[in-house]
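Coordinates in review
The lines below spell out each chain.
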Amino acid sequence: MIGKTLAHYEITALIGKGGMGEVYRARDTRLNRDVAVKILPAEMAASPDRRARFQREASTIAALKHPNIVTIYSVEEEDGVHFITMELVEGETLTKTIPAEGLSLDSFLEVAVPLTDALASAHGQGVVHRDLKPANIMVTHEGKVKVLDFGLAKALENTVPPGDLSMSPTLTYAAATNAGVILGTAPYMSPEQ
């Protein structure tokens, strides 16, 4: 894929691979900036269900507005290749930045506070990440925390009738995943799962 062009994005380097695709660094030739391009593998693109899940991921992230959550620019298809363009976040994942002895309290708080703020914002907008792990959290060279890869995110529906404050808020999962199917990385799954 490196060296190829999708629409007006020149693919320059592989950034990483995950369960729902490969992420590349690309040059947006229209806006003259570097972006990240997440490509749905061809075998997955052949499945309407997987294409729908890919589209849901993009829609879910695009709806989230928070400085510590990666920004989606577009969802596109070019010559049968389905891809998402998003903010290019440069830095290191928590997987690489956490030392063997762990983080100092100050370093921990520098990550934990913006991370919990981002997740609280996502939850407030009805989205649960479901695969929050060190590999999906980036710390930029400037020290800013960014939550990435909402590929397993789940949209929630609020079951409290509007204006009824007598009931405690309960969130239920929308039917985008089959009942009984567990998705995520086991050591990092939320207690609700």
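Preceding this paragraph is the structure being described.
Notes on the structure in this doc start here. (Residues numbered from 1 in each chain as written. Predicted model: local features only at pLDDT ≥ 70, side-chain atom pairs only at ≥ 80, totals over all residues. Heavy atoms only, no water.)

A tally of regular secondary structure across the protein gives 4 helices and 12 strands. Of all 193 residues assigned to the protein, the portion counted as buried reaches 37%. Long-range pairs, those at least 24 residues apart, make up 48% of the contacts in the protein between residues at least 6 apart in sequence. (Helix = DSSP H or I, 4+ residues; strand = E, 2+ residues; numbered from the N terminus. Buried < 20%, exposed > 50% of the residue type's maximum accessible area, 1.4 Å probe, protein only. Contact = heavy atoms within 4.5 Å.)

Take the sheet that holds strand β6 (residues 81-86) next. With antiparallel pairing, 6 strands are arranged side by side in an open sheet as β1-β2-β3-β4-β6-β5. A single partner strand is all that each edge strand has here, and the edge strands are β1 (5-6) and β5 (72-78). Relative to β6, β5 runs antiparallel, the two sharing 6 bridges. Bridge pairing links Glu-78 to Val-81 in β6. Across the sheet, helix α2 (residues 48-63) lies against β4 (33-39), β5 and β6, angled at about 15° from β6, the strand it touches most. (Pairing = 2+ DSSP bridges. Axes fitted to C-alpha atoms, helices over the stretch in contact; angles between N-to-C directions.)

Right, let's talk about unusual backbone geometry for a bit. Of note, the phi angle at Ala-7 is positive, near 55°, even though the residue is not glycine. Counting through the fold element by element, Ala-7 comes out in the loop between β1 and β2 (9-18). A positive phi angle is found at Asp-79, which is not glycine, with a value near 50°. Looking at where Asp-79 falls in the secondary structure, it is placed in the loop between β5 and β6. For Asp-79, a relative accessible area of 75% translates into the label exposed.

Right, let's talk about α2 for a bit. In this model α2 runs 22 Å from its N-terminal to its C-terminal C-alpha over 16 residues, within 8% of the 22 Å that 1.5 Å per residue would give. Tucked into the core, α2 has its buried residues touching β4, β5, β6 and β8 (127-128). (Expected span 1.5 Å × (residues − 1).)

On the surface, Ile-98, Leu-103, Leu-105, Phe-108, Leu-109 and Val-113 cluster together into a nonpolar patch covering about 530 Å² of accessible area. Topologically, Ile-98 is positioned in the loop between α3 (94-97) and α4 (105-124). (Patch = residues over 30% accessible without salt bridge, like charges linked within 9 Å, V, L, I, M, F, W, Y side chains within 5 Å. Areas by Shrake-Rupley, 256 points an atom, 1.4 Å probe, with all protein chains shown as cover. Salt bridge = Lys/Arg side-chain N within 4 Å of Asp/Glu carboxyl O.)

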